[in-house]
Amino acid sequence: MTTRLTVAQALVRFLAAQYTERDGQRQRLISATWGIFGHGNVAGLGQALVEYGADMPFHQGRNEQSMVHAAVGYARQSNRLSTHAVTTSIGPGATNLVTGAALATINHLPVLLLPGDIFATRVADPVLQQLEVPYAGDISVNDSLRPVSKYFDRVTRPEALIPAALQAMRVLTDPVETGAVTLALPQDVQAEAYDWPDEFFAERIWTVRRPGADPAELAEAVSAIRAAQRPLVIAGGGVHHSRAEEALAEFAAATGIPVASTQAGKGSLRHDHPQDVGAVGHTGTATANELARQADLVIGVGTRYTDFTTASGTLFEQQGVRFLNLNIAPYDGHKLAGRPLVADARSGLTELTEALQLHTHRVSGTYIDEYSLDKERWEQRVDACFEADEPDIRPTQAQVLGALDALADKSDVLVNAAGSLPGDLHKLWRARSRDQYHLEYGYSCMGYEIPAAIGVKMAAPERNVWALVGDGTYLMMPTEIVTAVQEGIAIKLLLIQNHGYASIGGLSETVGGERFGTAYRYQSDDGTYTGAPLPVDLAANAASLGMRVLRAKTVRDLRAALAEARAADTPTCVYVETETADTVSGPPPAQAWWDVPVAETATRPSAVKARELYERHVSTRRRHL
């Protein structure tokens, strides 16, 4: 039996029938579609979404990049088992997807991209917004999505949709390969009819695998752990993707091995778990980084070992340190010349715990006492950063976080991605639940926070979802506030004004750049931006987009405003002005290095001094072979 439908109609019906299943739980793979319509998709996918609106919910976005961020936020909150599709027209609508696609792929988060494309038949050539490439007639701007997609196909014939759609679903549900998946859809093909086999529209379940460890690799891993005197676990985002938090807690409690976390892995253990020693790497705690420096075995669980985690290859100092990498992706399992344990994080941790319990293995009490005392000392430093002895003065950024920390419980979710906030949050925030800490730091994309918070709230409407945004990030992409207002999505926006790029300003100062071009100030006669702060009212801007805004001038005001926003059932913004961008935010400085190359030749004293310090740090870098 067949059914005659357009390509776009067939695709929507197909997507509505796709499901994932893991641990016996089934859910829709593509639960909704975001879209902005133009001539490249309005008559195809636009019409199909109207035709099958009962099967495929639709959300109207304001920026194509933002729509991808919202889908990614939804996917992460849904443990990568459900996501959204995003449809755009051709031209700028399609190229606006590239940044969001890169973010999704780098973070291993599934999203389906459905950009319109130029005529497959070439009857209208060049069509409006078409990029003409004289040496290749089959290239369009959509080809810019190839390097940032885990799967890409251009559907130039109706029947080609069947294998393309099936391959797209395979990649989206593969825990190793998942990321952005792009199906480019020529605008004429979208509207073309075809007789589709009814089997194409049958419900299809994609099982998300939990592979166990190879017995030989498991035995080697157990031997390595038993031989280590100072092992340290580094928990990455793979712990959350696998829902392996309980397995990790059991492993840590049984062995006494301390657990540090990357930005993506923070919250793998609750902040008050005895084995949680906090953040690791450039934005890490003194406790975790000192353990990393002295570790003789580093057990990476679901981590990619980015340069922030390894302090650009300078963190793991111990002579003879080795790495054991539990990762579902063989590529990541072999990093740092480590011993791979290729398995799902939950399965692998469970198997390790059971095998080690057979030997009643546990690290020494002296080691436990050491890191427990250091953990307590760091908590005292956090308390000092959060402390606000004078509640009627303007808060520091750390005190802003302290006010939110005092208010939040395990139901709150914090969304952040860029600026000075990731460093402060990684060091200071006390994660109370497995998914409270939502930091996108694989791509660290300014503008991610507000749309991602919308996606998180869609996936977990019962949760309090906070988008933590600095002024630099806010100015990149505030437009999805309109979407939150339109759809009644009650996100909380904590908007922090410090008049510039605080994070990059501080980095610029340390590398001899003298904070050039990082402050939001009037330009002076010498061409530098050192005049008075700009008279920009971001709170008024948020209000103009329909959001309720609460202004806080002091710590006391802030506490009241945060409590009021948290109780609100409509989109609400708390606006607070903190220190300017040319002052510190308050938390302890970086506890480990990060390699940002400094000018090798310069006449300005700041750059000369920075280069001398840079060369000292570079001399400590090592390759783990």
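Overview of the structure.

How each quantity is defined
- Residues numbered from 1 in each chain as written.
- Predicted model: local features only at pLDDT ≥ 70, side-chain atom pairs only at ≥ 80, totals over all residues.
- Heavy atoms only, no water.
- Pairing = 2+ DSSP bridges.
- Helix = DSSP H or I, 4+ residues; strand = E, 2+ residues; numbered from the N terminus.
- Axes fitted to C-alpha atoms, helices over the stretch in contact; angles between N-to-C directions.
- Contact = heavy atoms within 4.5 Å.
- Expected span 1.5 Å × (residues − 1).
- Buried < 20%, exposed > 50% of the residue type's maximum accessible area, 1.4 Å probe, protein only.
- Arc of directions from axis to C-beta.
- Polar contact = N/O pair within 3.5 Å; in protein donor to acceptor, adjacent residues only side chain to side chain.
- Salt bridge = Lys/Arg side-chain N within 4 Å of Asp/Glu carboxyl O.
- Phe/Tyr/Trp six-rings, centres within 6.5 Å; stacked < 30°, edge-to-face > 60°.
- Lys NZ or Arg CZ within 6 Å of the ring centre and 35° of its normal.

## A few points about the sheet that holds strand β20 (residues 464–470)
With parallel pairing, the 6 strands of this open sheet are ordered in space as β19-β18-β20-β21-β23-β22. With one partner strand each, in any of the chains shown, β19 (437–439) and β22 (548–552) form the two edges of the open sheet. Averaged over all adjacent pairs, the angle separating strand axes in this sheet is 20 degrees, with direction ignored. Bridging between strand β21 (residues 492–497) and strand β23 (residues 572–577) involves 6 bridges; their strand directions are parallel. When the bridges of β23 are listed, Leu495 appears paired with Tyr575. Sheet strands touched by helix α23 (residues 555–567): β18 (412–416), β20, β21, β22 and β23. Its angle to β22, the strand with the most contacts, is close to 160 degrees.

## Considering helix α8 (residues 215–227)
End to end, α8 covers 18 Å across 13 residues, agreeing with the expected 18 Å (1.5 Å per residue, within 8%). Glu217, Leu218, Ala221, Val222, Ala224 and Ile225 are the residues of α8 that are buried. Mapping the buried residues of α8 onto a view down its axis gives an arc of 165 degrees, with all of them on the same face. Away from its buried face, by an angle of more than 90 degrees, α8 presents the exposed residues Pro215 and Ala227. Lining the buried residues of α8 we find α10 (245–255), β15 (297–301), β16 (322–327), β17 (339–342) and α14 (345–357). N-cap assignment for α8: the residue whose side-chain oxygen lies 2.9 Å from the backbone N of Ala216 is Asp214.

## Overview of the pairing of β20
Burial runs high along β20: 7 of the 7 residues are buried. The two faces of β20 match: Asn464, Trp466, Leu468 and Gly470 on one face and Val465, Ala467 and Val469 on the other face are all buried. Bridge analysis of β18 against β20 gives 4 bridges, and the strand direction is parallel. When the bridges of β20 are listed, Asp412 appears paired with Asn464.

## Things to note about the pairing of β21
Counting buried positions along β21 gives 6 out of 6 residues, so the element sits mostly inside the fold. Side chains Lys492, Leu494 and Ile496 of β21 all project onto a buried face; the interleaved residues Leu493, Leu495 and Gln497 project onto the opposite face, where all are buried too. Sheet analysis places β20 next to β21, joined by 5 bridges and oriented parallel. Opposite Trp466, over in β21, you have Lys492 as the bridge partner.

## Describing the pattern of salt bridges
Scanning the entire structure with this criterion turns up 38 salt bridges. Here Asp174 ties to Arg209 by a salt bridge, and the two come within 3.2 Å at their closest N and O atoms. Here the residue Asp174 occupies a position in the loop between α6 (161–172) and β9 (180–186), and Arg209 occupies one in the loop between β11 (204–207) and α8, the gap between them amounting to 35 residues. Residue Asp174 is classed as buried on the basis of its relative accessible area of 11%. Through salt bridges with shared partners, a single network forms among Arg243, Glu245, Arg434, Asp435 and Arg463.

## With respect to the packing of aromatic side chains
Enumeration according to the criterion identifies 12 aromatic pairs in this entry. An aromatic cluster is defined as three or more aromatic residues linked by ring pairs; in this entry it consists of Phe14, Tyr194, Trp196, Phe200 and Phe201. Taking NZ or CZ as reference, Lys266 lies 5.5 Å from the ring centre of Tyr437, over its face.

## Some details on unusual backbone geometry
Put simply, Asp125 and Pro126 share a cis peptide bond, and its omega is 5 degrees. Residue position: Pro126 is located in the loop between β7 (111–117) and β8 (151–154). Although it is not a glycine, Asp23 sits at a positive phi angle of roughly 55 degrees. Mapped onto the fold, Asp23 is located in the loop between β2 (18–22) and β3 (25–28). Note on Asp23: relative accessible area 47%, which makes it partly exposed. The backbone of His108 sits at a positive phi, close to 55 degrees, despite the residue not being glycine. Inspection of the secondary structure assignment puts His108 in the loop between α5 (97–106) and β7.

## Details of the side chain of Ser347
When you line up the elements, Ser347 lands in helix α14. A distance of 3.4 Å separates a polar atom in the side chain of Ser347 from the backbone oxygen of Arg210. Once residues lying within four places of it in the same chain are set aside, the contact partners of Ser347 are Arg210, Pro211 and Gly212.

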